[in-house]
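Read off the chains here:
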Amino acid sequence: MFNFCTDPDTLPQLQWFACYLTTGKHMGFYASFGTVLLLLAITAPTALLFGFGGASAARARLLPLRWFGKAYIALVRGVPDIAFFLFFVIALDQAFEWMRHQVKCPDWDQPVRQGNDFVVCAAAKMPLGTSPQWVHETYGFFLAVLTFAIVFGAFAANVLYGAMRAVPYAQIETAEAYGMSHRQTFWRILVPQMWVFALPGLSNLWMVLIKATPLLFLLGVEDIVYWARELGGTANPRFTDYPHGDWRMWYFLALLVFYLGFTRISELALDRIMRRLSHGQATAAGEAQRRTAGGPP
Amino acid sequence: MSCWQTVQDYALRSIGIGERLLPRDDFTLCQQFTLIGSGMIWNVYFGLLALLAGFFLATALALGKASPNRALRKPAEWFIFVFRGSPLFIQFFFAYFLFLSLKGVSSIFDPFTSAWLGALAVLFLNTAAYSGEIFFGALLSIPRGDLEAADAYGFSGWKKFRKITWPTMLRLAWPAYTNEAIFLFHATTLVYFSGFPAWRQKGDALYYASYFADKTFNPFIPYPILAMYFILVTLTIVGVFGLVNRHLNRHLPAERRMRMRVRPTLLR
């Protein structure tokens, strides 16, 4: 990166580190922080959408749909999320390949599962064996996002379902008394009012989501954990210009600090949003704000 | 090989008793049930010990965080902040590599590089921080009248804490603490995916489940089995904590009792 980096062996400490921390591999490491942020940016709204679907399904009048919604919420509560991560990554991949297999190779007569193998025709492979590396990486990332969205969608569904039930029942009765249909009541009365009740749960969920991002590593994405292990491991002078001992501890310390900063900033931002939303609301937080502002008791 | 034979071979495989070699092909349903169940021994071990030890540190942390003394308050606040603000997965990795480097300093740290002690230590500190925050919240919401009544009756110091403050704190914190216990047991599955080596393939339930899923390319059998075991554990926790909850609330009239939520909310 810098001009003086041509011969690292002769450099003084400070310059050596300046060179070491700007190698191509380290640039990959820094870019992987972007991967984490990208994952959060895509997953958060998608999970919210899944959650909304799940919560609506759990309230549906159609019995099978209601069962589906409730099972979706309950299952993720009872089973470790990491088990879901490991499950969905393979299961989704196989589901996609199987569907493509059905469409593209209808005259294939062998079974898809042969003993311990999962065999689909070459045209149904996801992604195609001939496609370039970046397609494979993007597909892996897409699977990871979908997995995160399904798992955290269930958490969000749990929160939103509770928020929907927290909306005072009188509001819904009033809507029905005015002759609104079931659909109108849901969209015009229930949904606009539930967000205040959902916000504490959703901000908690955001924190949980941030803290779940290192699990990307388990899904085979080259994320910050992957790079920290790669770069921190003992570097042999035969293969690199920057030999060093086992520094993985320091790399993970850096990740620890990164996450601490990230959650702290989120916490401050969420507090601020909550304060703004509670302003003038007939809730305990709103009441406390009114009192400190000098309102009558 | 009959199923009973498989159970004899593999039921205690995860703690090193029985057959050394894992099955390599022709996986039967019985093998999967037995081995994943065998791995559950580790999950229960980690969860139970971390929970029991963490309970006491959590009480101390809550008292520290609520203390007017700055020298006690600041360390407790920082401890809780560090362990609650960062992912457990990263904590495991960091702790493992920390113990690896400390191994060179003193041989005391040798056992810490294996999961049974090292991961247990991390889980213990982690759950203490989360429970400490829950207890702290409960400590602040103890009704003022209860404490005033204790003063009026002449309770003070240790006796007031033991008889009034602590039981009330536990009573208020219990539903959230139940939730934390469930999360802790779920978190134990991370251990063998985060640096700590599974020595001689002696791993926890998820370790074996992913072993089967990798070998058979079929996630639809081992993971549901794992899910079933964990739902059993979750139900057991809810049951046991429900009993304790009833005990903590036994002096209250029926309508004022803290009802255990059947659907615990997300509180982490």
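Remember, predicted model here, so these are calculated numbers, not experimental data. (Residues numbered from 1 in each chain as written. Chains lettered and ligands numbered in written order. Predicted model: local features only at pLDDT ≥ 70, side-chain atom pairs only at ≥ 80, totals over all residues. Heavy atoms only, no water.)

1. A closer look at the overall build of chain A
When helices and strands are tallied, chain A shows 10 helices and 2 strands. From first element to last, N terminus to C terminus, chain A shows the α and β order α-α-α-α-β-β-α-α-α-α-α-α. Taking 2.2 N^0.38 as the reference for a compact globule, 297 residues should give roughly 19 Å; the C-alpha atoms of chain A span a radius of gyration of 25 Å, well beyond that estimate. With respect to the principal axes defined by its C-alpha atoms, chain A has extents near 80 × 70 × 30 Å. Burial status across chain A gives 43% buried among its 297 residues. Looking at chain A alone, contacts between residues at least 24 apart form 66% of all its contacts between residues at least 6 apart. Only carbon and sulfur atoms are counted for the fraction: they give 64% of the accessible area of chain A, which is about 16200 Å². (Helix = DSSP H or I, 4+ residues; strand = E, 2+ residues; numbered from the N terminus. Rg over C-alpha atoms; globule rule 2.2 N^0.38 Å. Buried < 20%, exposed > 50% of the residue type's maximum accessible area, 1.4 Å probe, protein only. Contact = heavy atoms within 4.5 Å. Areas by Shrake-Rupley, 256 points an atom, 1.4 Å probe, with all protein chains shown as cover.)

2. Some thoughts on the overall build of chain B
Scanning chain B from N- to C-terminus turns up 9 helices and 0 strands. Put simply, chain B runs from its N terminus to its C terminus through helices and strands in the order α-α-α-α-α-α-α-α-α. With the principal axes as the frame, chain B shows a C-alpha extent of 70 × 50 × 25 Å. Here chain B has roughly 12900 Å² of accessible surface; of this, 65% comes from carbon and sulfur atoms. Side chains of chain B give 26 positive and 14 negative charges; the mean places of these two sets differ by 9 Å. (Lys, Arg positive; Asp, Glu negative; His and termini not counted. Charge placed at Lys NZ, Arg CZ, Asp CG, Glu CD.)

3. Comments concerning the interface of chain B and chain A
Each partner contributes residues to the interface: chain B has 45 residues there, and chain A has 41 residues. Between chain B and chain A, a total of about 3900 Å² is buried, with carbon and sulfur atoms accounting for 71% of that surface. In this assembly, chain B and chain A are joined by 4 residue pairs in polar contact (both at pLDDT 80 or more). Elements represented by at least two residues in the side of chain B that touches chain A include exactly helix H3 (70-85), helix H4 (88-105), helix H7 (157-187), helix H8 (205-216) and helix H9 (222-248) of chain B. (Buried area = accessible area lost by both parts, 1.4 Å probe. Polar contact = N/O pair within 3.5 Å; in protein donor to acceptor, adjacent residues only side chain to side chain.)

4. Things to note about the side chain of Ser210 of chain B
Secondary-structure assignment places Ser210 of chain B in helix H8. Note on Ser210 of chain B: relative accessible area 11%, which makes it buried.

5. Remarks on helix H1 (residues 13-20) of chain A
For H1 of chain A, the full list of buried residues reads Trp16, Cys19 and Tyr20 of chain A. Projected onto a plane normal to the axis of H1 of chain A, the buried residues spread over an arc of 100° and lie on a single side. (Arc of directions from axis to C-beta.)

6. Section: the nonpolar core
By size, the foremost hydrophobic cluster in this structure holds 148 residues, and its most contacted members are Phe152 of chain A together with Phe135 of chain B. Broken down by element, the residue count for this core peaks at 19 residues, all from helix H5 (residues 133-166) of chain A. Dropping the residues within four chain positions of it, Phe135 of chain B is found in contact with Phe55, Ala58, Thr59, Ala62, Met169, Leu170, Ala173 and Tyr177 of chain B. (Core = buried A, V, L, I, M, F, W, Y, C linked by side-chain atoms within 4.5 Å.)

7. Here's the deal with the state of the cysteines
Residues and elements named next belong to chain B. This model, assessed by the stated rule, comprises 1 disulfide over all chains. Residue Cys3 pairs covalently with Cys30 via a disulfide, S to S 2.1 Å. A torsion of 85° about the S-S bond marks the disulfide between Cys3 and Cys30 as right-handed. Here Cys3 is found in helix H1 (residues 3-10), whereas its partner Cys30 is found in helix H2 (residues 29-65), with 27 residues between them in sequence. Judged by its relative accessible area of 42%, Cys3 falls in the partly exposed class. Of the residues examined, Cys30 reaches a relative accessible area of 15% and is grouped as buried. (Disulfide = S-S within 2.5 Å.)

8. Focus: the packing of H7 of chain B against H9 of chain B
Residue and element names in this part refer to chain B. Where H7 contacts H9, the two axes come as close as 10 Å, and the packing angle between them is 175°. It follows that H7 is roughly antiparallel to H9 by the angle criterion. For the pair H7 and H9, the contacting residues are Pro167, Leu170, Arg171, Trp174, Tyr177, Thr178, Ala181, Ile182, Phe185 and His186 in the first and Phe230, Val233, Thr234, Ile237, Val238, Phe241, Val244, Asn245 and Leu248 in the second. For the contact of H7 with H9, the class distribution of residues is 14 nonpolar, 4 polar and 1 charged. (Axes fitted to C-alpha atoms, helices over the stretch in contact; angles between N-to-C directions. Parallel < 35°, antiparallel > 145°, perpendicular 65-115°, else oblique. Nonpolar A, V, L, I, M, F, W, Y, C, P; charged D, E, K, R; others polar.)

9. What about the UniProt feature "domain: ABC transmembrane type-1" (unreviewed entry) in chain B?
Residues given the UniProt feature "domain: ABC transmembrane type-1" (unreviewed entry) here are residues 40-244 of chain B. The span residues 40-244 of chain B is 79% helix and 0% strand, and its two end C-alpha atoms sit 24 Å from each other. (UniProt positions renumbered as here; feature names shortened; annotations may be inferred.)

10. Observations concerning the side chain of Lys65 of chain B
Locating Lys65 of chain B in the fold gives a position in helix H2. Apart from residues lying up to four places away in sequence, Lys65 of chain B is in contact with Arg73, Ala76, Glu77, Ile80, Glu133 and Phe136 of chain B.

11. Comments concerning the packing of aromatic side chains
Taken as a whole and judged by the stated rule, the model has 50 aromatic pairs over all chains. Each ring, one from Phe79 of chain B and one from Phe83 of chain B, has its centre 4.8 Å from the other, and the planes form 40°; the classification is tilted. Taken together, the residues span about one helical turn, with Phe79 of chain B and Phe83 of chain B both in helix H3 at a distance of 4 residues. By way of ring pairs, the aromatic residues Phe217 and Phe252 of chain A together with Phe89, Phe92, Phe93, Tyr96, Phe97 and Phe196 of chain B are connected into one cluster. (Phe/Tyr/Trp six-rings, centres within 6.5 Å; stacked < 30°, edge-to-face > 60°.)

12. Describing the UniProt feature "transmembrane region" (unreviewed entry) in chain A
Residues and elements named next belong to chain A. Here the UniProt feature "transmembrane region" (unreviewed entry) sits at residues 29-50, 71-92, 139-164, 185-209 and 249-270. Helix makes up 100% of residues 185-209 and strand makes up 0%, while its end C-alpha atoms are separated by 31 Å. Taken end to end, residues 249-270 has its terminal C-alpha atoms 31 Å apart, with 100% of it in helix and 0% in strand.

13. Re the pattern of salt bridges
Pairing between side chains of opposite charge can happen when the charged atoms of each approach one another. Residue and element names in this part refer to chain A. Evaluated as defined, the whole model comprises 7 salt bridges over all chains. The partner of Glu267 in a salt bridge is Arg264, with the nearest N and O atoms 2.6 Å apart. Of this pair, Glu267 and Arg264 both sit in helix H9 (residues 248-278), 3 residues apart, which is roughly one turn of the helix. Residue Glu267 is classed as partly exposed on the basis of its relative accessible area of 31%. Residue Arg264 is classed as partly exposed on the basis of its relative accessible area of 36%. (Salt bridge = Lys/Arg side-chain N within 4 Å of Asp/Glu carboxyl O.)

14. Observations regarding the environment of Phe262 of chain A
One can find Phe262 of chain A in helix H9. C-alpha separation for the pair Phe262 of chain A and Met207 of chain A, spaced 55 residues apart in sequence, amounts to 9.3 Å.

15. Side note on the environment of Asp204 of chain B
Residue and element names in this part refer to chain B. Within the element layout of this structure, Asp204 appears in the loop between H7 and H8. Between the alpha carbons of Asp204 and Ala181 there is a distance of 18 Å; along the sequence they are 23 residues apart. Beyond its immediate stretch of four places on either side in the chain, Asp204 contacts Gly39, Trp42, Asn43, Thr188, Thr189 and Tyr192.

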